[in-house]
Amino acid sequence: MYKIYLLSNATRQLKRLQKKARSRFDEINKVFDQLSVDPKTESILLKDPILRGFRRAKADEDRIRFRICEECREDQLFLKNRKCVDCHGMPENAIKIFDIEHRRSVYKKHKIKR
Amino acid sequence: MGRNDMSIKTSKSGRIFEEKIIDRFLVLFTIHNSTRPIGDTMVQKLTFLSALDMKYQGRKGFNYNFIKLDFGPYSSDLKDDIQVLLNNRAINGHYRVATKLGEYILSNFSHIIDENSIFFEKIENINQQYSHWKSKDLVRYVHRLKNPEHPRFSIHNTRQGSYILRKPKVWRAEREFSLSESDMASLEIYLDPETFHRFFASIEEAKQKPAVELSEVLDSV
């Protein structure tokens, strides 16, 4: 079994959903349950060099982006460039959730930045 | 004035998420492949000409609706996508050029270009033919074309706000642009500003703040 850890961005999102969008929250929890059993088959591995090692799982309307700590430790380049502050304390069977994103947010109109 | 000119239409085509990502990738390619830096009017016209050719050949590449405005075919979805690429810093300048990030996206996903070469060849041909033209000459040229939605009328004779080209239907297309799930998962980060900034902020955050176990998060609510 894998243990799931969340960064503050993902934590905020999850807490918000727990209060305001219960069905989405339940969906995400279901996916967390699946990920804790078999994160590799329940997700897609990103292959792009910058994003390599990250995985994405879908929870109905939401996307969950994460890394598996054991995979990360095998990836020396990632460790060198982007080592997490809590890396030493993390068990091998940990999954770190970086982002939970509502798919519909991409439909929002993008404002001009000056 | 023709019978096709009943009311001002919206050029929003109701694209699904995957179609948006494909469109942004194709627009980025169009800008990068142009023979010179081009303004938004040129991007609109070149995209229209590529989309038109693709539609005639039964290919579903671009997913824009174009309506007629003063300067010819115009799509507000395309305008939004240009803004998205600017916000994401994949393109820059008043006359648009691909940035290093834009070039990185195109080179790292070059297999998408290979797998969908018929779409990109079409854009290359259109760019080669027209992107060195002056904007006003291209506007004039496009005005003289027949309105693909109502071939009895030229675009010039089409009423302002009427449809000129609609998003291709899936069931009519002989060939669709294809994108793997893995590529989509990466491109949705690169080609959506909000996702891009939040995701990379999370990566930075991981270097500074420890993560919290799920059970603790749930208990704290």
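Residues numbered from 1 in each chain as written. Chains lettered and ligands numbered in written order. Predicted model: local features only at pLDDT ≥ 70, side-chain atom pairs only at ≥ 80, totals over all residues.

Enquirer: A description of the overall build of chain A should follow, citing residues and the corresponding values.
Expert: Across its full length, chain A carries four helices and five strands. The secondary structure elements of chain A, listed N-terminal to C-terminal, are β-α-α-β-β-β-α-α-β. A burial count over chain A gives 37% of its 114 residues as buried. The contacts in chain A between residues at least 6 apart in sequence include a share of 63% that link residues at least 24 apart. (Helix = DSSP H or I, 4+ residues; strand = E, 2+ residues; numbered from the N terminus. Buried ≥ 20, exposed ≤ 12 C-beta atoms within 10 Å, placed from the backbone. Contact = placed C-beta atoms within 7 Å.)

Enquirer: So, the interface of chain B and chain A: which residues are in play, and what are the values?
Expert: On the side of chain A, 37 residues touch chain B, which itself brings 32 residues to the contact. Broken down by element, the side of chain B that touches chain A gets its largest block of residues, 11 residues, from helix α9 (residues 193–208) of chain B. Partitioning the side of chain B that touches chain A into residue classes produces 14 nonpolar, eight polar and 10 charged. Pairing geometry for strand β1 (residues 3–6) of chain A and strand β10 (residues 212–213) of chain B, over two bridges, is antiparallel. Looking at the pairing, Tyr5 of chain A lines up with Glu213 of chain B of β10 of chain B. (Nonpolar A, V, L, I, M, F, W, Y, C, P; charged D, E, K, R; others polar. Pairing = 2+ DSSP bridges.)

Enquirer: I'd like a description of the sheet that holds strand β3 (residues 55–59) of chain A, backed by residues and values.
Expert: If you walk across this open sheet you meet the six strands as β2(A)-β3(A)-β4(A)-β5(A)-β1(A)-β10(B), and the pairing is mixed. Edge positions in the sheet fall to β2 (44–45) of chain A together with β10 of chain B, since each has one partner strand and no second. In this sheet, β3 of chain A lies alongside β2 of chain A in antiparallel orientation, the contact comprising two bridges. Residue Ile44 of chain A lies in a different strand from β3 of chain A, and its bridge partner there is Arg56 of chain A. Running at roughly 155° to strand β5 (residues 94–102) of chain A, α9 of chain B makes contact with β4 (62–68) and β5 of chain A of the sheet. (Axes fitted to C-alpha atoms, helices over the stretch in contact; angles between N-to-C directions.)

Enquirer: Explain the confidence of the model for chain A to me, and be specific about the residues and the numbers.
Expert: Put simply, chain A has an average pLDDT of 85, and 85% of its residues get 70 or more. Note on residues 106–114 of chain A: pLDDT is under 50 here. Beyond four places in sequence and across chains, it has 11 contacts. (pLDDT = per-residue confidence, 0-100.)

Enquirer: Can you lay out the nonpolar core for me, pointing to particular residues and giving the numbers?
Expert: In terms of nonpolar packing, the biggest core is built from 81 residues, with Leu6 and Ile97 of chain A together with Phe25 and Leu28 of chain B touching the most fellow members. Leave out the neighbours within four places in its chain, and Leu6 of chain A touches Thr11, Leu14 and Ile97 of chain A together with Ala211, Val212, Leu214 and Val217 of chain B. (Core = buried A, V, L, I, M, F, W, Y, C linked by C-beta atoms within 7 Å.)

Enquirer: If you had to explain helix α1 (residues 8–20) of chain A to someone new, which residues and values would you point to?
Expert: An ideal rise of 1.5 Å per residue puts 18 Å on 13 residues; α1 of chain A measures up with 18 Å between its terminal C-alpha atoms. Listed in full, the buried residues belonging to α1 of chain A are Asn9, Ala10, Thr11, Gln13, Leu14 and Leu17 of chain A. Buried residues in α1 of chain A make contact with β1, α2 (22–37) and β5 of chain A together with α9, β10 and α10 (214–220) of chain B. (Expected span 1.5 Å × (residues − 1).)

Enquirer: Pulling in residues and values, what's your account of the packing of helix α8 (residues 181–190) of chain B against α9 of chain B?
Expert: All names here are of chain B. In the contact formed by α8 and α9, the axes pass within 6 Å of each other and the chain directions differ by 95°. When the axes of α8 and α9 are compared, the pair comes out roughly perpendicular. Here α8 contributes Glu188, Ile189 and Tyr190 to the contact with α9, which in turn contributes Thr195, Phe196 and Phe199. The residue makeup of the contact of α8 with α9, split by class, is four nonpolar, one polar and one charged. (Parallel < 35°, antiparallel > 145°, perpendicular 65-115°, else oblique.)

Enquirer: Tell me what's going on with the confidence of the model for chain B, and back it up with residues and numbers.
Expert: All names here are of chain B. Residue-level pLDDT values for chain B average 90, and 94% of them are 70 or greater. Within the model, pLDDT remains below 50 along residues 1–8, and this stretch shows 15 contacts once partners closer than five positions in the same chain are excluded. Model confidence for the complex: the whole-complex pTM is 0.87, and ipTM, which rates the interface, is 0.84.

Enquirer: Could you give an account of the pairing of β5 of chain A, naming the residues involved and the relevant values?
Expert: Residues and elements named next belong to chain A. Here β5 lies mainly inside the structure; eight of its nine residues are buried. Alignment of β1 against β5, held across four bridges, turns out to be parallel. Within β5, the residue paired with Ile4 across the bridge is Ile95. Note: β4 against β5, seven bridges, orientation antiparallel. Bridge pairing links Ile64 to Ile100 in β5.

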